[in-house]
Structure formats: structure tokens, C-alpha cells
Amino acid sequence: MPWDVLLVRLPLSVTAVSELPLGYVFAPFGARDSVVRDLESACARRSCAIEWMSPSFGVLRTEDFVIELELVSAARVLLHVQGASDALEVLDAMASALGARAVDCETDRVVDLDDRVTASSGLTSWQERKAAEVATDRASQSLLDDGAEVITMHAGPKSPRN
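Below is a summary of the structure that appears in this document. All values reported here derive from a predicted model rather than from experimental measurement.

**Examining the overall build of the chain**
Now for step 1: Along the backbone of the chain there are 3 helices and 6 strands.
Now for step 2: Helices (α) and strands (β) of the chain occur, in sequence order from the N terminus, as β-α-β-β-β-β-α-β-α.
Now for step 3: The contacts in the chain between residues at least 6 apart in sequence include a share of 54% that link residues at least 24 apart.

And the structure:
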């Protein structure tokens with residue numbers, strides 16, 4: 001499960017989406033072509049590129065991180081971030097290019113991209129979950145490799161033997 005970050009235009013005084021009044025409407029970024037151009041330019045300045053799989057879904061891959069982009073609406077871009085903290089520089093560039101702020105979808109809080117320690121907390125949390133998941137998978141595989149018996153139960157009726 002990646003670290004999910006939402007890019008939206010928010011008033012500077014807002015520190016969490018939950019502070020917004022009911023019915024708040026996010027200001028749109030502009031036409032899709034303009035948004036794509038702005039995102040691509042921001043990435044190009046960081047020496048990386050977005051590969052668009054469809055008009056609303058793209059993937060940015062580097063050796064250190066992967067960011068999947070979903071153009072959810074004219075006012076929201078959802079990012080699925082995996083990998084190293086170098087991704088924060090690209091995330092910051094994308095947010096700046098759109099005049100947006102980044103919101104950590106898990107905490108509902110605005111990510112302070114000017115403070116790399118605070119900004120990286122959501123990504124670090126994802127990295128820790130991923131490391132624990134990998135360790136669990138390796139432990140399970142190790143048990144199987146060591147000859148541990150896997151027992152499965154059959155819930156259906158037994159078939160008659162002839």
C-alpha cells in the first residue's frame with residue numbers, strides 16, 4: 001500500500017482538510033492539458049518524466065521511487081508514492097507547479113513540504129509498513145523453505161472414492 005497524497009488548492013491557513021467548511025469546493029487547476037503540461041514540466045526540472053497510461057493516469061518511475069498520478073478531477077490530483085524520500089522533491093515541484101498543497105490522505109493533514117523532516121513522516125510511515133510487510137513475507141517464505149507443512153482445509157463435501 002503506497003503513501004497517498006492529494007494535491008489540491010487550499011487556503012494557506014488550513015492545516016487539515018477537516019478544517020474546511022462543509023460543501024467547500026476546491027479551486028480547479030485548469031484544463032487537463034494545462035495540468036498535464038505543468039506536471040510534466042515540474043518533473044522535467046527534476047530530471048524525471050511521467051509516462052501517461054491513459055488520459056487520467058500516469059506513472060513516474062526512477063531508480064529510487066515511483067509516483068502514480070491520478071487526475072481525479074479538475075481540482076484534485078491523487079498521488080500514490082512509493083520508495084525513497086527523494087520523491088518529496090518531485091512532490092514539492094508538482095504541488096508548486098499547480099499552485100497546490102499536498103494533503104496526506106492517511107492523516108488528513110497538509111504536508112509541510114518546506115520542512116523535509118515533517119514532510120517525510122508520511123513517507124517514512126509507509127516505508128515502515130512496507131518493511132514490516134516484506135519481513136512478514138520473508139518469514140513466511142522461510143518457514144515454507146524450511147519444509148514447514150502448510151495445512152489447508154476443504155470446506156466442501158468429501159468426494160466419494162470408488
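**Observations regarding the pattern of salt bridges**
Close approach of charged atoms allows side chains with opposite charge to pair.
Now for step 1: Scanning the model with the defined rule gives 1 salt bridge in all.
Now for step 2: With its nearest N and O atoms 3.4 Å apart, the salt bridge here joins D33 to R32.

**Observations concerning the packing of helix α1 (residues 32-44) against helix α2 (residues 87-98)**
How two helices sit against one another is set out by the angle between their axes and by the gap between those axes.
Now for step 1: At a closest axis distance of 8 Å, the pairing of α1 and α2 adopts a crossing angle of 140°. Along this stretch, α1 crosses α2, giving a crossing that reads as right-handed. For the pair α1 and α2, the contacting residues are V35, D38, L39, A42 and C43 in the first and V90, A93, M94, A97 and L98 in the second.

**Brief notes about the environment of V103**
Now for step 1: Structurally, V103 can be placed in strand β6 (residues 101-104).
Now for step 2: Spatially, the C-alpha atoms of V103 and L79 are 10.0 Å apart, while their sequence positions differ by 24 residues.
Now for step 3: Setting aside its immediate chain neighbours within four residues, V103 contacts D4, V5, L6, V8, L10, V17, D108, R109, V110 and V111.

**Let's talk about the pairing of strand β2 (residues 50-54)**
Now for step 1: Strand direction decides the pairing type here: β2 and strand β3 (residues 57-61), joined by 4 bridges, are antiparallel. In the strand pairing of β3, I50 is matched with L60.

**What about the sheet that holds β3?**
Now for step 1: The strand order β2-β3-β4-β5-β1-β6 describes an open sheet built from 6 strands, whose pairing is antiparallel. Among the strands making up the open sheet, the edge pair consists of β2 and β6. The mean angle between the axes of side-by-side strands here comes to 25°, regardless of whether they run parallel or antiparallel.
Now for step 2: The sheet contact formed by β3 and strand β4 (residues 65-73) spans 5 bridges and is antiparallel. Within β4, the residue paired with R61 across the bridge is V66.
Now for step 3: Of the strands in this sheet, β2, β3, β4 and β5 (76-83) touch α1, which is tilted by about 150° from β2.
Now for step 4: Strands β1 (3-8), β3, β4, β5 and β6 of the sheet are contacted by α2, whose axis makes an angle of about 25° with β4.

**Section: a negative patch on the surface**
Now for step 1: Residues E63, D64, D86 and E89 make up a contiguous surface patch of negative charge.
Now for step 2: Along the polypeptide, D64 turns up in the loop between β3 and β4.

**Side note on the environment of T15**
Now for step 1: Tracing the sequence through the fold places T15 in the loop between β1 and α1.
Now for step 2: Exposure remark for T15: the relative accessible area of 34% places this residue in the partly exposed category.
Now for step 3: With 93 residues separating them along the chain, T15 and D108 place their C-alpha atoms 8.7 Å apart.
Now for step 4: Not counting residues up to four positions away in its chain, the partners in contact with T15 are D108, R109 and V110.
Now for step 5: Polar side-chain contacts of T15 include one of 2.4 Å to the side chain of E19.

**A short note on the nonpolar core**
Now for step 1: Counting residues in each nonpolar core, the largest one holds 31 residues, and the members touching the most others are L7, L60, I67, L79 and M94.
Now for step 2: Those elements that place two or more of their residues in this core are β1, α1, β4, β5 and α2.
Now for step 3: With 8 residues, the single largest contributor to this core is α2.
Now for step 4: Those residues in contact with L60 that lie beyond four places of it in its chain are C43, C48, A49, I50, F65, V66, I67, L69 and V90.
Now for step 5: Counting 10 residues, the second largest nonpolar core, distinct from the first, contains L20, F26, A75 and V103.

Cut-offs applied
Residues numbered from 1 in each chain as written. Predicted model: local features only at pLDDT ≥ 70, side-chain atom pairs only at ≥ 80, totals over all residues. Heavy atoms only, no water. Helix = DSSP H or I, 4+ residues; strand = E, 2+ residues; numbered from the N terminus. Contact = heavy atoms within 4.5 Å. Salt bridge = Lys/Arg side-chain N within 4 Å of Asp/Glu carboxyl O. Axes fitted to C-alpha atoms, helices over the stretch in contact; angles between N-to-C directions. Left-handed = near helix turned anticlockwise from the far one by under 90°. Pairing = 2+ DSSP bridges. Patch = residues over 30% accessible without salt bridge, like charges linked within 9 Å, V, L, I, M, F, W, Y side chains within 5 Å. Areas by Shrake-Rupley, 256 points an atom, 1.4 Å probe, with all protein chains shown as cover. Lys, Arg positive; Asp, Glu negative; His and termini not counted. Charge placed at Lys NZ, Arg CZ, Asp CG, Glu CD. Buried < 20%, exposed > 50% of the residue type's maximum accessible area, 1.4 Å probe, protein only. Polar contact = N/O pair within 3.5 Å; in protein donor to acceptor, adjacent residues only side chain to side chain. Core = buried A, V, L, I, M, F, W, Y, C linked by side-chain atoms within 4.5 Å.

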